[in-house]
Amino acid sequence: MDFNLPDTALAVQDGVRAVATKYDHAYWSECEEAHRFPIEVFTDLGKGGWFGLNIPEEYGGGGQGLLEVAIANETLCASGGGAGTFFYVTTPGFGATTLVRHGTEEQKQAILPGIAAGDVQFCFALTEPDAGSNAIEIKTSARRDGEDFVIKGQKVWISNVENADWMVAVTRTIPAADANPRTNGFTLFLVDVKEALAAGTLSYTPIPKMGSNILHSSQLFFDDVRVPARNVIGEVDAGFMVLWDVLNPERILAAAGGVGAADAALAYAARYATEREVFGRPIGANQGIQFPLAQIKAKVELGRLMTYKAAWLFDQGLPCGNEANVAKLTGAQVAWEAADQAFQTLGGMAYSKEYPVERWLRDARIGKNIRVAEQLVLAHIGTSMLGLPKSY
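In the annotation of an unreviewed UniProt entry, the chain is listed under the name Acyl-CoA dehydrogenase and assigned to Nocardioides antri. Taken verbatim from the UniProt record of the chain, the Sequence similarities (unreviewed entry) comment is "Belongs to the acyl-CoA dehydrogenase family."

Put into structure tokens, the structure is as follows:
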């Protein structure tokens, strides 16, 4: 086994770090407080080609793989902008990965060059108020009407609608009650977001939330949104396999963001514990401070290895579901644990918005719930990896 990162990945680390280090903690905190999209860093990353890493060269991309995208996301989050993980999950993940693997030539030529240039953004519409984590039971429907499909329904917790040019919308063209097997009848569409908003058939309402306010997470309403049949991704009624192929990269990228965010929190806490002196010595010399940070550091390195392995397997076309789930579970846990322990290390000062730790804590907590909830990841590990009986 060779655990050395390829030269392509090392170049990504250096390139993204050169961009990310231009934006300090105060910048990310200002964007969070103002509920403002970090357009400056997004634009810089786009100009550098850091969103087109997994797009083939003939469409203007880097011709690399998910491993390089994961490392780009990890590096960005390690700079202190943990919520920036949405940059990579939404557009290179949901957008580029889906189109590269399942898009038509027409779709690829129309959209991929814009992603590679940093000019196009995506969102992904799956979750619904009643179905929650049970995607099989979604009710948003699409019916054929001549050369178009007409989409009607509701989604919730859809991130980045306000910035998106395109949406991957997951619908049912066969109701769940009539589908046999139950995974049949899914169809995924490319929705022109700005066109649908202008037509008044698509609307959204931002949900006030605890953290990650650099972009909205919204309730989304489809009121007979018309989509040309040429915008189907994959095949009508056979979209579940496309969906499944999207969710593993999402988990891998989420894991990479979690590992990067944990790196940022641990580095900040370690520096503070080295510089802060109480009772005549640095507080980091005390085992009560040092050992919890060291324990989390060990877990971060394990999470990093599994994230890289899962991404590598995906790039090789090999099964990666177990690895993606383990990586996502660990990445989400270490992001939260590192932020929480950094908070404890700074003591009462961590409560002040003068420091980034309270922002990291708020941003990290959601990773244990989305996507997918920690309990469902554990259920997958229990049944698929340990062979335990299913509870449903």
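There is more to say after this.
The helix and strand tally for the chain stands at 12 helices and 10 strands. Taking 21 Å as the expected radius of gyration for a compact globule of 392 residues, we find that the chain reaches 21 Å, a close match to that expectation. Taking the principal axes of its C-alpha atoms as reference, the chain extends roughly 80 × 50 × 45 Å. Looking at the chain as a whole, 56% of its 392 residues qualify as buried. On the chain, roughly 17,200 Å² of surface is accessible, and the fraction owed to carbon and sulfur atoms is 54%. Charge centroids of the chain, computed over 33 positive and 45 negative side chains, lie 5 Å from each other.

Remark: the empty space left among the atoms is shown by a probe the size of a water molecule rolled over them. When its volume is computed, the second largest pocket comes out at roughly 460 Å³. If you go around the second largest pocket, you meet 13 residues; those closest to its centre are Asp2, Phe3, Tyr308, Lys309 and Trp312. Sorting elements by how many residues they give to the lining of the second largest pocket places helix H9 (residues 287-315) first, with 6 residues.

The buried count for strand S5 (residues 186-192) comes to 6 of 7 residues, which makes it a mostly enclosed element. In this structure, strand S4 (residues 166-172) lies alongside S5, joined through 7 bridges in antiparallel fashion. Residue pairing in the sheet places Met167 in a bridge with Val191 of S5. Direction of pairing for S5 relative to strand S8 (residues 232-233): antiparallel, over a ladder of 2 bridges.

We now examine the side chain of Gln13. Residue position: Gln13 is located in helix H1 (residues 7-20). The buried category is assigned to Gln13, whose relative accessible area is 17%. The contacts of Gln13, once residues within four sequence positions are left out, are Leu5, Ile71, Thr75 and Tyr308.

Here is what the cut-offs are and how they apply
Residues numbered from 1 in each chain as written. Predicted model: local features only at pLDDT ≥ 70, side-chain atom pairs only at ≥ 80, totals over all residues. Heavy atoms only, no water. UniProt positions renumbered as here; feature names shortened; annotations may be inferred. Helix = DSSP H or I, 4+ residues; strand = E, 2+ residues; numbered from the N terminus. Rg over C-alpha atoms; globule rule 2.2 N^0.38 Å. Buried < 20%, exposed > 50% of the residue type's maximum accessible area, 1.4 Å probe, protein only. Areas by Shrake-Rupley, 256 points an atom, 1.4 Å probe, with all protein chains shown as cover. Lys, Arg positive; Asp, Glu negative; His and termini not counted. Charge placed at Lys NZ, Arg CZ, Asp CG, Glu CD. 1 Å grid on protein atoms, 1.4 Å probe; cavity = no way out; pocket = protein on both sides within 12 Å on 5 of 7 lines; lining within 4 Å. Points joined across faces, edges and corners; volume = space filled by probe spheres on them. Pairing = 2+ DSSP bridges. Contact = heavy atoms within 4.5 Å.

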